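One-letter residues, chain by chain:
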Amino acid sequence: MVKSRLIRRVIPFTLLSWMLLFCLSLLFTLNAHAARLAIVIDDFGYRVQHENKILQMPTAVSIAILPDSPHGREMAQKAHKQGREILIHLPMAPLSKQPLEKNTLHPSMSREEIGRIIHDAIQKVPHAMGMNNHMGSAMTSSLNGMEKVMQVLSSYRHLYFLDSVTIGKTQVTKAAMGTPVQVLRRHVFLDNVQTEAETRHQFNRAIAIARKQGSAIAIGHPYPTTVRALQQALTTLPDDIELVTPSSLLNPTSASQNDHQIARSKCAKPHEPETVPATKLDYFKRVGNALTHNAIVETLSQHINKLLGKTAKQEVLHNAGKTESPQKDKTVQGNTGARTTTDACADF
C-alpha cells in the first residue's frame, strides 16, 4: 500500500521533469538548424571590375550571366573554377518600353524560336545549373509564353528556373506544372534603391524572412553600393544563418514528383486536396526528425515503462494474443504468374 502511494506521488513529478527536459531538448534541436539564405547577383558580363569583387566573396554567392554580354563566357569560366553556382540570366520582355538585350524572349514567339534562343544561351554560358529572368514583366505574366519556355526547358533537366518575380502576377510556377522543371522564387531585391544603407536594410529583411520561413533568396546586382554593402554584411553574417546556393533549396524529390504529376494528370480526380507548402513540410520534417532521434524521448519512454511495471516479456505475451488483419492487395495474379495491377490509375 505504501509503495503504491509512493509510486502515485512520484510518477507525476517524474513525468513533469522529463517532459520539461524534452521540450528544452526539442527547442535546442530545432534551433540547431540554421536558416538558409541564397544570394544571386544578376547582370554579370558587363562590369568586370565590380564583378571580380563579387567573385572574391564566399563561393555560395551565385551569379547570373547575361548570355550576349561581352564578358559572360569569361566570367562563367572564372566562377566555375571557384566552384561557384552559375545561372543564365535570360532576357525577357518587360511591360515598359526600354532598351532590350539581344535575343529577348517575347510571349508572341514560337516555341521553336524560344528553343533556339535558350539553346544558344546555354552554349554561351557554360556550366550553368539554373536560369532566371532578366526583366520580363511581360513575358513572365504570360502563361502561354512561359509554358513554351518550360516545354523547352524540359529537355534540359539539369537547369532549374529561378523566378525573379519582376511582376506580382507572374505565371512561372503555374507554367511549370506538369513538367520536370523545378522552380524557385525570389524573396528580396537587395538594390532597387542603389544606396549602401538600403542594400543593408534589404539584406536584413532577407535574413528575417529566412528565419521565419527556413530559407530565402535575395537578388542583387554588381553595383558599387551593393558590392560594398555585401562585403560588410557577409563578414558579420549571424551564426544562425547559413549562406547556400539556390540549387540547395530545391526539393530533391520535386523532379520525380513532377514526372509523377504528368502521369497522374491522365487519371486526375476532381477536387483533389492541395499539397502542403514546402516550407511547412520542411518544418514538420524537422520536428519529426527531432522527435524520432531524441535521446530524451527514448529515455522517457523507457522510464515510463519501468514505472508502470511493463517489461519486455509482458509486451511479447500481450502481443502474442493479437493477430493482424489481412491487408487487401491491389494486385492480382496474371496468367503468366506475374503480379499485375488491376487498374493503371489505382495508385492515383
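Remember, it's a predicted structure, so these values are computed and weren't measured experimentally. (Residues numbered from 1 in each chain as written. Predicted model: local features only at pLDDT ≥ 70, side-chain atom pairs only at ≥ 80, totals over all residues. Heavy atoms only, no water.)

1. Concerning the nonpolar core
Piece 1. Formed by 57 residues in total, the largest nonpolar core has its most connected members in Ile39 and Phe203.
Piece 2. Setting aside chain neighbours within four positions, we find Phe203 in contact with Leu37, Ile39, Leu190, Leu230, Ala233, Leu234 and Leu237.
Piece 3. In terms of nonpolar packing, the next biggest core, distinct from the first, is built from 13 residues, Leu87, Phe189, Val244 and Leu250 among them. (Core = buried A, V, L, I, M, F, W, Y, C linked by side-chain atoms within 4.5 Å. Buried < 20%, exposed > 50% of the residue type's maximum accessible area, 1.4 Å probe, protein only. Contact = heavy atoms within 4.5 Å.)

2. Looking at the packing of aromatic side chains
Piece 1. Taken as a whole and assessed by the stated rule, the structure comprises zero aromatic pairs.
Piece 2. For Arg186, the ring lying beneath its charged end belongs to Phe189, and the centroid distance is 3.9 Å. (Phe/Tyr/Trp six-rings, centres within 6.5 Å; stacked < 30°, edge-to-face > 60°. Lys NZ or Arg CZ within 6 Å of the ring centre and 35° of its normal.)

3. A few points about the side chain of Gln202
Piece 1. Along the chain, Gln202 falls in helix α8 (residues 196-213).
Piece 2. Residue Gln202 is classed as buried on the basis of its relative accessible area, which comes to 13%.
Piece 3. Only 3.1 Å separates the side chain of Gln202 from the side chain of Arg205, close enough to count as a polar contact. (Helix = DSSP H or I, 4+ residues; strand = E, 2+ residues; numbered from the N terminus. Polar contact = N/O pair within 3.5 Å; in protein donor to acceptor, adjacent residues only side chain to side chain.)

4. Focus: α8
Side chains that are three or four residues apart share a direction in an α-helix, a result of its 3.6 residues per turn.
Piece 1. For α8, with 18 residues, the first-to-last C-alpha span of 26 Å sits near the 26 Å given by 1.5 Å per residue.
Piece 2. Listing the buried residues of α8 in full gives Thr199, Gln202, Phe203, Ala206, Ile207, Ile209 and Ala210. The buried residues of α8 occupy an angular sector of 160 degrees when the element is viewed end-on, so they sit on one face.
Piece 3. For α8, the secondary structure elements touched by its buried residues are β1 (35-44), β7 (188-189), β8 (215-220), α9 (224-235) and β9 (241-244). (Expected span 1.5 Å × (residues − 1). Arc of directions from axis to C-beta.)

5. Focus on the packing of helix α4 (residues 111-124) against helix α6 (residues 143-153)
What describes two packed helices is the angle between their axes and the distance between those same axes.
Piece 1. Interaxial distance between α4 and α6 falls to 9 Å at its minimum, and their mutual angle equals 55 degrees. Taken together, the axes of α4 and α6 lie oblique to each other. For α4 against α6, the interelement crossing comes out right-handed. Across the interface between the two elements, Arg111, Ile114, Gly115 and Ile118 of α4 pack against Gly145, Lys148, Val149, Gln151, Val152 and Leu153 of α6. (Axes fitted to C-alpha atoms, helices over the stretch in contact; angles between N-to-C directions. Parallel < 35°, antiparallel > 145°, perpendicular 65-115°, else oblique. Left-handed = near helix turned anticlockwise from the far one by under 90°.)

6. Re the confidence of the model for the chain
Piece 1. With 63% of its residues at a pLDDT of 70 or more, the chain has an overall mean of 78.
Piece 2. For the stretch residues 23-32, pLDDT sits under 50, and the model shows nine contacts to residues farther than four places along the chain or on other chains.
Piece 3. Taken as a whole, residues 310-348 scores under 50 in pLDDT and shows 24 contacts with residues more than four places along the chain or in a different chain. (pLDDT = per-residue confidence, 0-100.)

7. Topic: the pattern of salt bridges
Piece 1. Per the counting criterion, the structure on display carries six salt bridges.
Piece 2. Its salt-bridge partner being Glu74, residue Lys78 comes within 3.6 Å of it at the nearest N-O pair. Linking Lys78 with Glu74, this pair stays in helix α3 (residues 72-82), spanning four residues, or about one helical turn.
Piece 3. Residue Glu74 is classed as partly exposed on the basis of its relative accessible area, which comes to 35%.
Piece 4. Measuring nitrogen to oxygen at the nearest pair gives 3.6 Å for the salt bridge that ties Arg200 to Glu196. (Salt bridge = Lys/Arg side-chain N within 4 Å of Asp/Glu carboxyl O.)

8. Remarks on the pairing of β1
Piece 1. Burial runs high along β1: nine of the ten residues are buried.
Piece 2. Note: β1 against β9, four bridges, orientation parallel. Looking across to β9, one finds that Ala38 is bridged to Val244.
Piece 3. When β1 meets β8, the two strands line up parallel, connected through six bridges. The partner of Val40 across the bridge, within β8, is Ile219.
Piece 4. When β1 meets strand β2 (residues 62-65), the two strands line up parallel, connected through three bridges. (Pairing = 2+ DSSP bridges.)

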